[in-house]
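An overview of the molecular structure
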Amino acid sequence: MTDLRIRAAVPADLDSVLAFWKTAAEGTSISDDRAGVERLVARDPGALLLAERVGELVGTVIAGFDGWRCHLYRLAVHPERRRQGIASALLAAAEERFVRLGGRRADAMVLVRNETAHHAWRAAGYGSEEHWRRWVKPLTD
């Protein structure tokens, strides 16, 4: 997998990332729009990591660190490129970023219905914490 390149996204990547998520990511988020991803990249330029193979976007992960917790979102690999170590490489890069920033533990947002993702996260050493529930409140319409 020496031809896989992991790098931080830049503003010029955002349209292709949004299009990629429509193909490769499960579910949608209220922030899955140009303005939301622009804010992410402007606020934390190293958070959105891209995996490219020969110039083609094949995977993403958001590795957000707020100074307190390390959060992983949008781990997505192109359906035709899965089971090639791309997710593992993205998670390794995210975890290295967290350690550099002083993070101690990473957590991931994973849809309950996404059994395929559950297997991938378990294989990467993550475990679900059933005693927690995510509580949300939309701040905009």
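Note that the coordinates shown come from a computational prediction; the quantities given were computed from them, not determined experimentally.

Rules used in this analysis
Residues numbered from 1 in each chain as written. Predicted model: local features only at pLDDT ≥ 70, side-chain atom pairs only at ≥ 80, totals over all residues. Heavy atoms only, no water. Phe/Tyr/Trp six-rings, centres within 6.5 Å; stacked < 30°, edge-to-face > 60°. Lys NZ or Arg CZ within 6 Å of the ring centre and 35° of its normal. Pairing = 2+ DSSP bridges. Helix = DSSP H or I, 4+ residues; strand = E, 2+ residues; numbered from the N terminus. Axes fitted to C-alpha atoms, helices over the stretch in contact; angles between N-to-C directions. Contact = heavy atoms within 4.5 Å. Parallel < 35°, antiparallel > 145°, perpendicular 65-115°, else oblique. Left-handed = near helix turned anticlockwise from the far one by under 90°. Nonpolar A, V, L, I, M, F, W, Y, C, P; charged D, E, K, R; others polar. Buried < 20%, exposed > 50% of the residue type's maximum accessible area, 1.4 Å probe, protein only. Arc of directions from axis to C-beta.

1. Looking at the packing of aromatic side chains
Scanning the entire structure with this criterion turns up 1 aromatic pair. Here the guanidinium or amino end of Arg74 rests over the ring plane of Trp21, the centre of that ring lying 5.3 Å away.

2. Quick look at the sheet that holds strand S5 (residues 106-108)
The strand order across the open sheet formed by 5 strands is S1-S2-S3-S4-S5, and the pairing between neighbours is mixed. Lying at the two open borders of the sheet, with one neighbouring strand each, are strand S1 (4-8) and S5. Going from strand to strand, the sheet's axes swing by 25 degrees on average, the running direction of each strand aside. Across 6 bridges, strand S2 (residues 48-53) lies against strand S3 (residues 56-65) in antiparallel orientation. The residue of S3 that forms the bridge with Leu48 is Ile62. Helix-sheet contacts for helix H1 (residues 14-24) involve S2, S3 and strand S4 (70-77), and the interaxial angle to S3 is about 100 degrees.

3. Re the packing of H1 against helix H2 (residues 34-43)
Running from amino to carboxyl end, H1 crosses H2 at an angle of 120 degrees, the nearest separation of the two axes being 10 Å. One way to sum up the angle between H1 and H2 is to call them oblique. In the packing of H1 onto H2, the handedness of the crossing is right-handed. On H2, the residues that touch Leu14, Asp15, Leu18 and Trp21 of H1 are Arg34, Val37, Glu38 and Val41. For the contact of H1 with H2, the per-class residue count stands at 5 nonpolar, no polar and 3 charged.

4. Description of H2
An α-helix turns once per 3.6 residues; consequently, residues spaced three or four apart project the same way. Within the sequence span of H2, burial applies to Gly36, Val37 and Val41. What you see down the axis of H2 is that its buried residues fit within an arc of 130 degrees, all on one side. Turned more than 90 degrees off the buried face of H2, the exposed positions are Arg39, Ala42 and Arg43.

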